[in-house]
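# Topology and contacts: notes
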Amino acid sequence: MNFLNTIWRNEKSREIIVQIFVLFCIGWILSWLIANVDANFKALGKDISFEFLFIPAGYDINQYLIDYNNRDSHLRAGIVGLLNTGLVAFFGIILATVLGVFLGIIRLSKNWLASKLAYWYIEFSRNVPILLHILLWHGIIINTLPHPKKALNLGDLTFLSNRGFYIPKPLTENGIELVYLFLVIAIIFAVLFFKYARRKQDLTGVQYPVFWINLSVIILLPTIAFFISGMPISLEIPALRGFNFRGGMHMSPELAALTFALGIYTAAFIAEIVRAGIMAVDKGQREAAESIGLKPSKVMNLVILPQARRVIIPPLTSQYLNLTKNSSLAIAIGYMDLVATLGGISLNQTGREMETMVIVMLIYLSVSLSISAFMNWYNNKAKLVGR
Amino acid sequence: MSSQTYKPGSYPNLPPPPGTVGVYGWIKNNLFSSISNSLLTIISAILLYYLIDGIIGWFFLDAVFDADSKIECRKIDSGACWAVITRRVGQFVYGFYPEVERWRIDVSFLTMFVAFAPLLYPDIPKRKWLLWFSAIYPVFAFILINGGFFGLAKIEYSLFGGFMLTVILGVSGIVCSLPLGIVLALGRQSKLTVVRTLSVCFIEFMRGVPLITLLFVASSMLNYFMPPGTNFSILVRVIIMFTFFSAAYIAEVIRGGIQAIPKGQYEAADALGMTYWQKTRFITLPQALKISIPGIMNTFIGLYKDTTLVVVIGLLDPLGIGRAALADTKWNGLSTETYLFVALFFFVSCFAMSRYSLWLESKLNTDHK
């Protein structure tokens, strides 16, 4: 008895006992779950195998970035879905960032009316579930936009209808290589000039208008190349043929609704993050910068933003991640993303719930773990060096 | 050079310069302080005018509140056709819960406020007595809503729906996920390697996958993990998934709170000879929870909003009822009205929750500012 008491009173040995006990409990629960799965599968005559990935999927996907038809395998259907997830996440992130930063700045503006408008926009948008945003936008596009025959015509170039949006498609012709080449040269120049200007400023204090010079170089050089090589880019303009439009680029109602909904919903969160980030910079920083005579734009760019960035980037990344995960709700309106292809139709056709869900979850998990690894790296890098 | 002297009271006090105070001064300072600011005001005002004009017209003035079908609506007026809502308002609130038994939902909903009051407002009179009621409320509500005891008719889960289902899912998810979240947060900060690793794995897994895949698991796979023959309600399975999902997020929020506590607090507790559980109970949690209130409330609001996802696995929450209404040929195409109505419900409840969180934050703030 005394001996047991001694073991329990000793911190080291007590920790080991507790850990062994926890491990034992978890192992017991896991083995119970696995035994249950085994028994259930035996009773149903099922097994676990991933061979279904290589048999023909047999269903159509209305939007694909790589070639796909219904004789391709389930694996390829899944990849098409994954690319579609990436596509909508990409558009959504751009829209959300632009709108969110804009709203965040408006929210901080001294103008009472504009600030209040932004406030109510943010409150309305983020207090309504994302699924409702998606369904609402989808409904608006499907039910209120006109048929293709009476499509809203924007300058004879872009057409909005209930079958989706049609925008001109740039076609490249011979000689385009020169434009690409000049673009690459311009970008290399911009990077080098940026580094040079920064070194110069560190050493001598001389400042160049880096942004404007780089912008004009990046725009001018390819434009010159464009004219030298005989204008090798033309636009394919969508035109009404029969009941629908042909030619140009087509954005389906589902993709458009998802992009708007994800962008508008996430923008509200990003706006709050931007606002909080800017407000987190100590008031004294701004006052000090103003008192040494920096212009308002310099105060913002050189003093406030570099410090706000440290606060803004981590939650911003996690909003991007949320947006990507939320895009899985696409299944509610029939956009064929990863969950709708592999976790939806493939699951129903092959009856392999276990395998498809494991693959889908692993893909999302690896994306989000790699993003959080990036975030940790950034946090360590951006951390204030203190004692 | 002559020196000037000033004796207090020898001159009358002058009013502040015109245009710096009062309504005029406020407008000048806040709306028209510079050219760009004035421009912004004018643009905002125009935007606001069109917004209000359009909203009032479509929502109220030109709207139809009672009609038999969409076509009839359109014949009467050009605005919103709210008839799709007014004709099914019972379903939107109670789902398919039998009409004669609906008083049971009303009673449990109203008593819910009594049960939550002592938890939400610490200063309420007779708090001790009310807390007893809070403790038995879950059993009370379960018996009342589910039935099967004391002569109350048993109601099938498949009849649950509408806003009532949202509130049931949301409240039970919130109530269950807070304790689990606290345990996970403590586990993640634990010295014991096994406990820490397990907590990290659970939290990262739950945060890494979309909720909808977890709901698919709940609806199609969870039965595989149970002994053959067990069959428990989809509602319970969904609540379990919601609890796990938001517990992982709450754990991360609370971990932030725990890490924000100055090290001196622990050292002081150790110096006083406190055990781990005493330290957790009296030092860590009170401070960590206070810091993490905004984050916890945000997670709750997120969970509440996420209850709409159950429509994807076929439960009839307000969105499911709405979609069923839209599938009716009479109401085909009235999606904007239906979804806006549901959106309004969510806006009101979520906005109220976020206001409460702000109030609680300022009440518990003991900083000397």
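Residues numbered from 1 in each chain as written. Chains lettered and ligands numbered in written order. Predicted model: local features only at pLDDT ≥ 70, side-chain atom pairs only at ≥ 80, totals over all residues.

### Quick look at the overall build of chain B
What counts is decided by this rule: Secondary structure elements follow DSSP: runs of H or I of four or more residues count as helices, runs of E of two or more count as strands, with numbering from the N terminus. In this scheme the burial state of a residue depends on its C-beta neighbours within 10 Å: 20 or more other such atoms mean buried, 12 or fewer mean exposed, and anything in between means partly exposed; the C-beta positions come from the backbone. Here, residues touch in the contact sense if the C-beta positions derived from the backbone fall within 7 Å of one another.
Along chain B, the regular secondary structure elements total 16 helices and 0 strands. Considering only C-alpha atoms, chain B reaches an extent of 110 × 80 × 45 Å along its principal axes. For chain B, the proportion of its 369 residues judged to be buried stands at 30%. Taking all contacts inside chain B whose residues are at least 6 apart in sequence as the whole, residues at least 24 apart take part in 64%.

### Brief notes about the pairing of strand β3 (residues 164-167) of chain A
In summary, the side chains of a regular strand alternate between the two faces of the sheet. Residue and element names in this part refer to chain A. Going by this rule: Pairs of strands are assigned from DSSP output, requiring at least two bridges between the strands.
Where strand β2 (residues 158-161) lies against β3, 3 bridges are found, and the strand directions are antiparallel. By the bridge assignment for β3, Ser 161 is matched with Gly 164. Summarising the sheet, β3 and strand β8 (residues 249-251) pair through 3 bridges and their orientation is antiparallel. Across the sheet, residue Phe 165 finds its bridge partner in β8, namely Met 251.

### A word on the interface of chain A and chain B
Stated precisely, the cut-off is as follows: For this scheme, ten residues count as nonpolar: Ala, Val, Leu, Ile, Met, Phe, Trp, Tyr, Cys and Pro. Four count as charged, namely Asp, Glu, Lys and Arg, and the remainder, Gly too, count as polar.
Taken together, the contacts link 48 residues of chain A with 47 residues of chain B. Within the residue set of the side of chain A that touches chain B, elements represented by two or more residues are α2 (11-44), α4 (112-126), α5 (130-144), α11 (338-350) and α12 (353-382) of chain A. Among the elements that line the side of chain A that touches chain B, the one with the most residues is α2(A), at 12 residues. For the side of chain A that touches chain B, the residue count by class is 31 nonpolar, 12 polar and 5 charged.

### Some remarks on the packing of helix α15 (residues 318-327) of chain B against helix α16 (residues 335-364) of chain B
Residue and element names in this part refer to chain B. To be explicit about the condition: Axis lines are fitted to C-alpha atoms, over the contacting stretch for helices. Their N-to-C directions set the angle, which ranges from 0 to 180 degrees. Orientation categories follow fixed angle ranges, with anything under 35 degrees roughly parallel, anything over 145 roughly antiparallel, 65 to 115 roughly perpendicular, and all other angles oblique. Crossing handedness follows the turn of the near helix against the far one: under a right angle anticlockwise gives a left-handed crossing, and clockwise gives a right-handed one.
At a minimum axis distance of 10 Å, the contact between α15 and α16 shows a crossing angle of 165°. Taken as axis vectors, α15 and α16 run roughly antiparallel relative to one another. Helix-helix and strand crossings are classified by hand; for α15 and α16 the assignment is right-handed. Across the interface between the two elements, Pro 318, Leu 319, Gly 322, Ala 325 and Leu 326 from α15 touch Ser 335, Thr 338, Tyr 339, Val 342 and Phe 345 from α16. Tallied by class, the residues present in the contact of α15 with α16 amount to 7 nonpolar, 3 polar and no charged.

### Let's talk about α2(A)
Put simply, the rule reads: Multiply 1.5 Å by the residue count of a helix minus one, and that product is the helix's expected span.
Taking 1.5 Å per residue as the helical rise, α2(A) with its 34 residues ought to reach 50 Å, and the 50 Å between its terminal C-alpha atoms agrees with that figure. Of all 34 residues in α2(A), 0 are buried; the element is thus mostly exposed.

### Some points on the environment of Phe91(A)
Its place among the elements puts Phe91(A) in helix α3 (residues 74-108). Each C-alpha atom, one on Phe91(A) and one on Met231(A), is 28 Å from the other, the two residues being 140 residues apart in sequence.

### Description of the domain arrangement of chain B
How we decide: Domain start and stop points were drawn from an automatic or database domain assignment.
As assigned here, chain B comprises domain 1 (1-61) and domain 2 (84-97 + 155-364). The straight-line distance from the C-alpha centre of domain 1 of chain B to that of domain 2 of chain B is 45 Å.

### Considerations on the packing of helix α10 (residues 211-221) of chain B against helix α11 (residues 234-260) of chain B
All names here are of chain B. Taken N-terminus to C-terminus, the directions of α10 and α11 make an angle of 145°; their axes are 9 Å apart at the nearest point. In this structure, α10 crosses over α11, and the sense of that crossing is right-handed. Side by side, α10 and α11 meet where Leu 211, Leu 214, Leu 215, Ala 218 and Ser 219 of the first sit next to Ile 234, Arg 237, Val 238, Met 241 and Phe 245 of the second. Within the contact of α10 with α11, the residues separate by chemical class into 8 nonpolar, 1 polar and 1 charged.

### Let's talk about the domain arrangement of chain A
The domains assigned to chain A are domain 1 (2-44) and domain 2 (74-112 + 257-382). Each of domain 1 of chain A and domain 2 of chain A was reduced to a C-alpha centroid, and the two centroids are 40 Å apart.

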